[in-house]
Amino acid sequence: MTFSWVQGLVCSDCGEAFDFRYLLKCPKCGGLLDLVYDLRQASLADLVDDNFQGMWRFHKVLPIRNPAHIVTLGEGSTPLIPAPRLAPLIGIKALYLKYEGTNPTGTVKDRTSSTAVSSAKQFGSRAITVVSTGNAGTSLATYAHRGEIYSVIFCYHRGDPIKMSHMSLMASKLCIFEGEYDDLIRSVDRCVEEGLAFDGGATRNPFKHEGKKTIAYEVAEALETVPDFFFSPVAVGEIFIATYRGFDEMQKMGMVDRMPTMVCCQSMQAQPIVAAFQSGKPFQPTSVQPTIAKGVAVGDPGPKGPRVLEILRQHSGMALAVSDAEIQEAQRLLAEREGLWAGPTGVVSLAALIQACRNKAIDSKSSAFCIITETGLTSQYPPAHGQVVKTTLEDVRRLFSCV
Ligand SMILES: *Cc1c(COP(=O)(O)O)cnc(C)c1O
Ligand SMILES: [Zn+2]
């Protein structure tokens, strides 16, 4: 039996097909490449292989042909948590939270780091690189370390200290930069094109983003259907495009009978896709203002920006931008109502859902799922408040008087 159903690559711009190999862009037109699989009519149960753990249960729709190349730390199989208190409060019939904070480094990035490092091994690369504001660097360095591949990780000097400390233990070479993120990405992209390292960046490598596709499969498996709305944060667009690909593949294989309405969620400080979608104009990179949601602070996502826009336009999607205050409110409500502690970038999708409900942009009788993309344990957080107490039995006993 074939371990992976992957067949080759196809250009999403000119439609030209290519053999299965490591390519970063279409040799003909420079367009964005997608992987193609031999999709057959199948049930989800046929697809899943429980001899593997986490997202690798879906290895037939992942691009690794030999299981010996898989580098894994148990990523995927994250909980899909119902939100029975938050849903009525914000005004929606059913809400599910795909909580990615349980991944090995605490974020959704582990899914793509696993497919990236496994692909690097598959194609014989000895090094891998990425430019990061925190999560991508931590995650990729960890998986490279696990897979014994040399990693050159570029990290913004104002990254979260916990993430940088984690990264410095895992990276072969940690390089701190102070200037513009978008500039550095261009330089690193050149080095990658010269073959100096495997591309661990999010902008174009078709092999890397496949891991995030498994989010769609896991949601459909858990719910045995697809919810009406899917709220996804968008920085470069990997999560959005990969999850879209997952739903699309499942529909082609007859596993689900429809697509959810795709909602692209960005920060008001970095919203090139939302701006283009709402104005009806072509995609334009924008400048970025500081935001607490550092993981989505991207003004120039490269070729995936127009691709996200195209998916939104073809499938009657929605695009919303949220403020830092709305993000903090979502963080607080998620903790208070559902007991989940996520970082600011992690709740951008939920903040957008709250905004959509408030503005009556979606029907209150619908169902939605939000990807909560990171744990709250690795970001800066507001100061704690509690009360200072005396420690005698009398004083401690009095503290329970209100129970
Ligand atoms: C990178 C990141 C995102 C954005 O993902 P893209 O695939 O680049 O759009 C969202 N949330 C978290 C926590 C991230 O680290
Ligand atoms: Zn092409």
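If you're wondering where the values come from, they're calculated on a predicted model, not measured in any experiment.

Participant: With reference to specific residues and values, describe the environment of Gly254.
Facilitator: Structurally, Gly254 is set in the loop between α8 (238-252) and β11 (261-267). Each C-alpha atom of the pair Gly254 and Arg40 lies 8.6 Å from the other, and the pair is 214 residues apart in sequence. Gly254 has contacts with Gln41 and Ala42, leaving out every residue within four places of it along the chain.

Participant: Could you give an account of the side chain of Arg204, with specific residues and numbers?
Facilitator: Here Arg204 lies in the loop between β9 (198-199) and α7 (210-223). Arg204 sits in the buried class, given a relative accessible area of 8%. Engagement of the side chain of Arg204 in a polar contact is seen with the backbone oxygen of Asp189, the distance being 3.4 Å. At a separation of 2.7 Å, a polar atom in the side chain of Arg204 contacts the side chain of Glu193.

Participant: Before we move on, could you go through the site of ligand 1 and cite the residues and values that matter?
Facilitator: Taken together, the neighbourhood of ligand 1 is formed by 14 residues, with Lys109, Asn135, Ala235, Gly237 and Thr373 sitting nearest. Within the backbone of Ala235, a nitrogen or oxygen atom sits 2.7 Å from an oxygen atom of ligand 1. Contact between ligand 1 and Val236: an oxygen atom at 3.0 Å from a main-chain N or O atom of the residue. Grouping the constituent residues of the shell around ligand 1 by class yields 5 nonpolar, 5 polar and 4 charged.

Participant: Give me a nonpolar patch on the surface: which residues, what numbers.
Facilitator: Judged by side-chain polarity, Val389, Val396, Leu399, Phe400 and Val403 come together as a nonpolar surface patch covering roughly 470 Å² of accessible area. In this structure Leu399 comes out as partly exposed when scored by relative accessible area, which is 37%.

Participant: An account of the coordination of the zinc ion (ligand 2) is needed here, citing residue identities and associated values.
Facilitator: Bound to the zinc ion (ligand 2) on the protein side are Cys11 (SG), Cys14 (SG), Cys26 (SG) and Cys29 (SG), at distances that span 2.3 to 2.4 Å. Bound by 4 donor atoms, the zinc ion (ligand 2) shows angles of 102 to 117° at the metal and therefore tetrahedral coordination geometry. Of note, the donors binding the zinc ion (ligand 2) are all from one chain and are spaced C-x2-C-x11-C-x2-C. Within this pair, whereas Cys11 is found in strand β1 (residues 6-11), its partner Cys29 is found in the loop between β2 (17-19) and β3 (33-37), the two being separated by 18 residues in sequence. Residue class for Cys11 comes out buried when judged on its relative accessible area of 3%. Cys29 sits in the partly exposed class, given a relative accessible area of 42%.

About the criteria used
- Numbering of residues starts from 1 in every chain and runs along the sequence as written.
- As they are written, the chains are lettered A onward and the ligands numbered 1 onward, keeping that order.
- Restriction of local features to residues with pLDDT of at least 70 applies here, the model being predicted, together with a cutoff of 80 or more for giving and counting side-chain atom pairs; totals for whole chains, interfaces and linings are based on all residues.
- Working from all heavy atoms in the structure, the side-chain values ignore hydrogens and water.
- Secondary structure elements are taken from DSSP: a helix is a run of H or I of four residues or more, a strand is a run of E of two residues or more, and numbering for both begins at the N terminus.
- Contacts: residue pairs with any heavy atoms within 4.5 Å of one another.
- Whether a residue is buried, partly exposed or exposed follows from its accessible area with a 1.4 Å probe, protein chains only, as a fraction of its type maximum: under 20%, in between, or over 50%, in that order.
- Two N or O atoms form a polar contact when they lie within 3.5 Å of each other; inside protein one atom must be a possible hydrogen donor and the other a possible acceptor, and for residues adjacent in sequence the pair counts only when both atoms belong to side chains.
- When at least one non-hydrogen atom of a residue lies within 4 Å of a molecule or strand, that residue is treated as near it.
- Lys, Arg, Asp and Glu make up the charged group, whereas Ala, Val, Leu, Ile, Met, Phe, Trp, Tyr, Cys and Pro make up the nonpolar group; the residues left over, Gly among them, are polar.
- Patches draw on residues past 30% relative accessible area with no salt bridge. Two like charges within 9 Å are joined, as are two nonpolar side chains (Val, Leu, Ile, Met, Phe, Trp, Tyr) within 5 Å.
- Here the Shrake-Rupley method, with its probe set to 1.4 Å, supplies the accessible areas, and only the displayed protein chains count as covering residues.
- Salt bridges are defined as contacts in which a side-chain nitrogen from Lys or Arg sits within 4 Å of a carboxyl oxygen from Asp or Glu.
- Counted as donors are the N, O and S atoms within 2.8 Å of the metal, or 3.2 Å for Na, K and Ca, while water is not among the atoms, so some sites may look incomplete.
- Irregular is the label for any site that misses the other tests, which are tetrahedral for four donors with all angles between 85 and 135 degrees, and square planar for four donors or octahedral for six when opposite donors exceed 155 degrees and the remaining angles lie between 65 and 115.

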